[in-house]
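# Structural description and commentary
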Amino acid sequence: MSAEAADREAATSSRPCTPPQTCWFEFLLEESLLEKHLRKPCPDPAPVQLIVQFLEQASKPSINEQNQVQPPADNKRNRILKLLALKVAAHLKWDLDILEKSLSVPVLNMLLNELLCISKVPPGTKHIDMDLSALPPTTTMAILLYNRWAIRTIVQSSFPIRQVKPGPPQLSVMNQMQQEKELTENILKVLKEQAADSILVLEAALKLNKDLYVHTMRTLDLLAMEPGMVNGETESLTAGLIIKTEEMQCQVCYDLGAVYFQQGSTTSAVYENAREKFFRTKELISKIGSLSLHCSIDEKRLAGYCQACDVLAPSDNSSQQSTPYSQIHICMRSGNYQEVINIFLEDNLTLSLPVQFRQSVLRELYQKAQQGNEALDEICFKVSASNTVRDILEGRTISVQFNQLFLQPNKEKIDFLLEVCSKSINLEQASDTLKGNMAAFLKNLCLGLDDLQFVFMISSHELFITLLKDDEQKLLIEQMRKRSPGVNLCTKPVTSFYDIPASASVNIGQLEHQLILSVDPWRIRQILIELHGMTSERQFWTVSSKDFVHAKQLFAACLELVTEFSPKLRQVMLNEMLLLDIHTHEAGPGQSGERPPSDLISRVRGYLEMRLPDIPLRQVVAEECVAFLLNWRENEYLTLQVPAFLLQSNPYVKMGQLLAATCKELPGPKESTQTAKDLWEVVVQICSISSQHKRGNDGRISLIKQRESTLGIMYRSELLSFIKKLREPLVLTTILSLFVKLHNVRENFVNEITAEHISIWPSSIPNLQSVDFEAVAVTVKELVRYALTINSNNHSWLIIQADIYFATNQYSAALHYYLQAGAVCSDFFNKAVPPDVYTDQVIKRMIKCCSSLNCHTQVAILCQFLREVDYKTAFKALQEQNSYDAMDSYYDYIWDVIILEYLTYLHHKRGETDKRQIVIKAIGQTELNMSNPEEVLQLAAQRRKKKFFQAMAKLYF
């Protein structure tokens, strides 16, 4: 090295590592020190920052002599800046993962367009029209890089973006951000328009069977030389960094798979293409190895894509069809939730499904349950219990959701939980850790229960006895004794009821189980003696239901035994056999609407009219008989032929007579009749409360307690039990409307509930304080829930359920039932919803629900459904910018031209050109022309109503 060169090298090395911020790019440009800067261990600025700054400087607009802004000048300085940006990208080996992570869409778009330009891709030429196999390798690779980035950007734009919390507002920064946002949106629009071409280009690339080359810093330097100095090296087939065919195909397959998967959300058949590309990617990775220098694939993400494709587009291979993911997906779509539970129980042994996946299934079920599907509450508990046992086995804590679902344990929940525990551990193969985790869970479960019967169910279970040692069991029993002194707990399962002490109430459940299974009269007698010795608070004849064949055999045997020596007992047996025959018919032929035989009706009437002294009459038989007559519309008998003494002596007959008389008058009267008033007064008396007072030492009288009044003909709980035996729609509607009216007496208009025939009841109560309105509200909820189990398609009952949810601010559930009410009476909105179903009040409540859910476009559309369009509410809703609905995708459902014109003005004011064009297109539809005949306009409105309601139903059902 010459002395001059050494001096120059020393001077260069003595310069500071980081030049001043204002001139660092000039420093690198003038001194050609880029490569040396990039070789530093931690270059500052970083390579991606260099790309940004080089391109920003090269794209600065120029100012001419007249101080006019001109496009960036095409001079030597700007060309060198662009070249330097390309060289930095080449230093990064054109890794799109790195470039996309650090560069904005506009900057990366400019960079790749410069790559196309320097790679001699003619500007304006469609890439789909170019033969990739005939192009130089570096040109082909430049085209592939651009089109890979194009579809990756489209896929990335479909993902939700977490909004960054803005700092203090600065006008210049905000303007710059807005410009970049608009530029990004414009580029995305172009990329999406060219998406089909980009996919075809990449599909064509998969047919290439030759290695490709990508530009390096050296080949870019050669391209920048004068044409006479290049000597053809950059045109060589081996110039640049070699990219093996398999590496290129692997990366392209993965990117194509991602874009096909994204398109599958709107076109499900495309999932097949995604599946093919992802599994081809896996094959290529196994061939080239996961540590390839030029093929960067996120294998965890790839595995997730493959699993999703197995579910969404299962192949013909039976082994892939039977994966748990595909099975669960099919079961969730078909509503076969029991099979989902079975799969989870099997997985508790194999521990193969990710915990996050299981939790996502539970979240989906929760969402469906919260939308008003109460039948899913039990399924949610079972899935949560399965997930909880899985968590316990793996040493995780119990979730909050499970604790909430287990706040009110019952026998069925305990039984299922023990079943899950038993099926989730193989005692012969399980490790000591798994056994210890399960034992601790069962022990803590016992300690957390207050009901000792449930504790006994767990402590007497085989799994509990196997897992907990004798001393642990004794310690647990001691802890329970301290908590509940005087209770005798048995840690071993009871093998014979003869050994049970009379005071051991925790064993009642086991004896009831034996009572259900027993058909021997003498053994039944002994079990009943034991049970009655333990408690007098239960009716043990109710422990089993619908076991009619065995019951009839037992009654027949009893009748034969007592006929000869006791006429009274014979009549008792006949009464019980009548009750049995009523149950048999109601659970059998009555379910399909078949009327009962005339002799059964005659026996029911005969029982009610029977006046035999000293015959013990059970109230439940009279209750069932009256409900039976109401269900089969024997109103004439109940109103005209019932003996007067029965009305005085039997409250159920009195209630049946009042109900039958009121139903006979419907739907005639629009105002309250004397019959309706009589029924009203009886129910009000039942729902009344009495106050008990006490005089203190100072002589003052103070209120100490309020309790259910005894002045009614029956207690509210007895009335509710009676009503839940009714199935006749008119009777149910009548009593339901009465309770709704009673509920509305105290409520304001906003929270009023609507119901059929509500006008026949009185509108006021003399003493409001005497009525237990809290109990009335609970009764209304229970009655409508029961009514919907009888007929889930009764629009009137559905509206009541919706109003209840509306009054309690549960707007999503309210919308679910309002929409369901409309759907059932319009053939899923293929016909017009009757105006007496969707009244103005119902529509206004739907508007309130949508507004509370921040679905403001839906609010504006619903404002059209009112008899007089509510423009004020519609315009106010459209002004909201934080709407959670699909906004412009709902514009096709608007037929009111005034609202559409307001939307045009609004989007123009906001500068939202694309949305404004959508509205203009909607206004331009010929069927909305105000000059059309009224019939045409009505048909256009009806068509949009139908589509809107069907879209809403898919959203909320």
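Residues numbered from 1 in each chain as written. Predicted model: local features only at pLDDT ≥ 70, side-chain atom pairs only at ≥ 80, totals over all residues. Heavy atoms only, no water.

### Considerations on the overall build of the protein
Filter applied, for reference: Strands here mean DSSP runs of E at least two residues long; helices mean DSSP runs of H or I at least four residues long; both are numbered from the N terminus. Using a 1.4 Å probe on the protein chains alone, a residue whose accessible area is under 20% of its type maximum counts as buried, one over 50% counts as exposed, and one in between counts as partly exposed.
Counting secondary structure elements, the protein contains 46 helices and 6 strands. Relative to its full complement of 957 residues, the protein shows a buried share of 45%.

### Observations concerning the pattern of salt bridges
A side chain of one charge can pair with a side chain of the opposite charge if their charged atoms are brought near each other. The criterion, for reference: In the sections that follow, a salt bridge refers to a side-chain nitrogen of Lys or Arg positioned within 4 Å of a carboxyl oxygen of Asp or Glu.
Summed over all chains, the structure comprises 34 salt bridges. Between Glu 394 and Arg 396 there is a salt bridge whose closest N-O contact spans 2.4 Å. Here Arg 746 and Glu 774 are joined by a salt bridge, their closest N and O atoms 3.6 Å apart. Of this pair, Arg 746 sits in the loop between helix 37 (729–744) and helix 38 (773–790) while Glu 774 sits in helix 38; the two residues are 28 residues apart in sequence, bridging distant segments of the chain. Among the residues examined, Arg 746 registers a relative accessible area of 45% and is labelled partly exposed. Overall, the relative accessible area of 53% leaves Glu 774 in the exposed class.

### A look at the packing of aromatic side chains
To be explicit about the condition: Whether two aromatic rings pair depends on their centres lying within 6.5 Å, for rings of Phe, Tyr and Trp, where Trp uses its six-membered ring; planes under 30 degrees apart make the pair stacked, over 60 edge-to-face, and the rest tilted. In this scheme, the term charge over a ring applies when either NZ of a lysine or CZ of an arginine sits within 6 Å of the ring centre and within 35 degrees of the ring normal.
In this structure the tally under the stated criterion is 22 aromatic pairs. A centroid spacing of 6.1 Å and a plane angle of 65° characterise the contact between Tyr 254 and Phe 278, whose relative ring orientation is edge-to-face. In this pair, Tyr 254 is assigned in helix 12 (residues 245–263) and Phe 278 in helix 13 (residues 271–288), connecting sequence segments 24 residues apart. Grouping residues by exposure puts Tyr 254 and Phe 278 together as buried. An aromatic cluster of at least three residues, connected via ring pairs, comprises Phe 828, Phe 829, Tyr 838, Phe 865, Tyr 890, Tyr 893, Trp 895, Phe 948 and Phe 949. Sitting above the plane of the Phe 381 ring, Lys 413 keeps its charged end 5.1 Å from the centroid.

### Considering helix 4 (residues 47–58)
Heads up, the rule is: Expected span of a helix: the number of residues minus one, times 1.5 Å.
Helix length check: helix 4 (12 residues) gives 17 Å between terminal C-alpha atoms against 16 Å at 1.5 Å per residue, within 8%. Buried within helix 4 we find Pro 47, Val 48, Leu 50, Ile 51, Phe 54, Leu 55, Gln 57 and Ala 58.

### What about the nonpolar core?
Generally speaking, soluble globular proteins have nonpolar side chains that are buried together. The condition that has to hold: What is meant by a nonpolar core is a set of buried Ala, Val, Leu, Ile, Met, Phe, Trp, Tyr and Cys residues, joined one to another through side-chain atoms within 4.5 Å.
One finds Phe 722, Phe 739, Tyr 838 and Met 846 to be the most contacted residues of the largest nonpolar core, which totals 125 residues. Of all hydrophobic cores here, the second largest spans 79 residues; its members include Leu 81, Leu 116, Leu 202 and Val 259.

### Topic: the state of the cysteines
Test applied: We call a pair of cysteine sulfur atoms a disulfide whenever their separation is within 2.5 Å.
By the definition in use, this model includes 0 disulfides. Between Cys 253, a cysteine without a disulfide, and Cys 250, which holds the nearest cysteine sulfur, the sulfur-to-sulfur distance is 7.2 Å. Cys 253 sits in the buried class, given a relative accessible area of 4%.

### Focus: the environment of Leu 476
Put simply, the test is: Here a residue-residue contact requires only that any non-hydrogen atoms of the pair lie within 4.5 Å.
Within the secondary structure layout, Leu 476 lies in helix 25 (residues 470–483). Linking Leu 476 and Leu 447, residues 29 residues apart in sequence, is a C-alpha distance of 8.0 Å. Leu 476 has contacts with Lys 443, Cys 446, Leu 447 and Phe 464, leaving out every residue within four places of it along the chain.

### Quick notes on the environment of Cys 446
Relative to the assigned elements, Cys 446 resides in helix 22 (residues 432–447). In this structure the C-alpha to C-alpha distance between Cys 446 and Ile 458, which are 12 residues apart in sequence, comes to 7.0 Å.

### Topic: the packing of helix 29 (residues 567–587) against helix 31 (residues 619–631)
Spelled out, the test is: In this analysis, axes come from line fits to C-alpha atoms, helices being fitted only over the stretch in contact, and the angle between any two N-to-C directions falls in the range 0 to 180 degrees. Oblique is the label for any angle not under 35 degrees, not over 145, and not in the 65 to 115 range, which are roughly parallel, roughly antiparallel and roughly perpendicular in turn. Should the near helix be turned counterclockwise from the far one by less than a right angle, the crossing is left-handed, whereas a clockwise turn marks it as right-handed. Put simply, Ala, Val, Leu, Ile, Met, Phe, Trp, Tyr, Cys and Pro go in the nonpolar bin, Asp, Glu, Lys and Arg in the charged bin, and everything else, Gly too, in the polar bin.
Interhelical geometry of helix 29 versus helix 31 gives an angle of 40° and a closest axis separation of 10 Å. In this view, helix 29 runs oblique relative to helix 31, as classed from their interaxial angle. Considering only the axes of helix 29 and helix 31, their crossing is left-handed. Together, Asn 575, Glu 576, Leu 578, Leu 579, Ile 582, His 583, His 585 and Glu 586 of helix 29 and Val 620, Val 621, Glu 624, Cys 625, Phe 628 and Asn 631 of helix 31 make up the contact between the two elements. Class assignment for the residues of the contact of helix 29 with helix 31 results in 7 nonpolar, 4 polar and 3 charged.

### Let's talk about a nonpolar patch on the surface
Our working rule: Residues forming no salt bridge and having over 30% relative accessible area are the ones grouped into patches, like charges within 9 Å of each other and nonpolar side chains (Val, Leu, Ile, Met, Phe, Trp, Tyr) within 5 Å. In short, Shrake-Rupley with a 1.4 Å probe defines the accessible areas, and a residue's cover is counted only from the protein chains shown.
A grouping of Leu 561, Phe 565 and Leu 569 is seen on the molecular surface, where their side chains present a nonpolar patch of about 340 Å² in accessible area. Its location among the elements puts Leu 561 in helix 28 (residues 548–562).

### Overview of the side chain of Asn 794
Our working definition: Any pair of N or O atoms that falls within 3.5 Å is considered a polar contact. Within protein, one atom must be able to donate a hydrogen and the other to accept it, and sequence-neighbouring residues count only if both atoms are side-chain atoms.
Its place among the elements puts Asn 794 in the loop between helix 38 and helix 39 (795–807). When its relative accessible area of 13% is taken as the criterion, Asn 794 is described as buried. At 3.1 Å, the side chain of Asn 794 forms a polar contact with the backbone nitrogen of Trp 797.

### So, the packing of helix 18 (residues 355–370) against helix 19 (residues 376–393)
Two quantities define a packed helix pair, namely the angle between the helix axes and the distance between the axes. Closest axis-to-axis distance for the helix 18/helix 19 pair is 9 Å, and the angle between their directions is 160°. Taken as axis vectors, helix 18 and helix 19 run roughly antiparallel relative to one another. Every pair of crossing elements has a handedness; the one defined by helix 18 and helix 19 is left-handed. Residues Val 355, Arg 358, Gln 359, Leu 362, Leu 365, Tyr 366, Lys 368 and Ala 369 of helix 18 form the contact with helix 19, whose participating residues are Leu 376, Asp 377, Ile 379, Cys 380, Val 383, Ser 384, Ser 386, Asn 387, Arg 390 and Asp 391.

### Some words on unusual backbone geometry
A positive phi angle is found at Lys 93, which is not glycine, with a value near 60°. Examined against the element boundaries, Lys 93 turns out to sit in the loop between helix 5 (76–91) and helix 6 (96–102). Lys 93 sits in the partly exposed class, given a relative accessible area of 46%. In this model, Lys 120 sits at a positive phi of 65°, which is unusual for a non-glycine residue. Relative to the helices and strands, Lys 120 resides in the loop between helix 7 (105–118) and helix 8 (137–157).

### Looking at helix 19
Along its 18 residues, helix 19 runs 26 Å from first to last C-alpha, staying within 8% of the 26 Å computed at 1.5 Å per residue. Taken across its 18 residues, helix 19 has 16 buried, putting it largely inside the fold. Directly after helix 19, the chain includes Gly 395, whose backbone phi takes a positive value near 80°.

### Notes on the environment of Leu 736
If you trace the backbone, Leu 736 turns up in helix 37. For Leu 736, a relative accessible area of 2% corresponds to the buried category. For the pair Leu 736 and Thr 779, spaced 43 residues apart in sequence, the C-alpha to C-alpha distance is 9.2 Å. Among all residues touching Leu 736, those that are not within four sequence positions of it are Val 780, Leu 783, Val 784, Ala 787, Trp 797 and Ile 800.

### Here's the deal with the confidence of the model for the protein
Selection rule: pLDDT measures the predictor's confidence residue by residue and takes values from 0 up to 100.
Per-chain confidence: the protein averages 80 in pLDDT, with 82% of residues scoring 70 or above. The low-confidence segment residues 226–232 (pLDDT under 50) makes 2 contacts with residues lying over four places distant or belonging to another chain. Within the model, pLDDT remains below 50 along residues 485–505, and this stretch shows 40 contacts once partners closer than five positions in the same chain are excluded.

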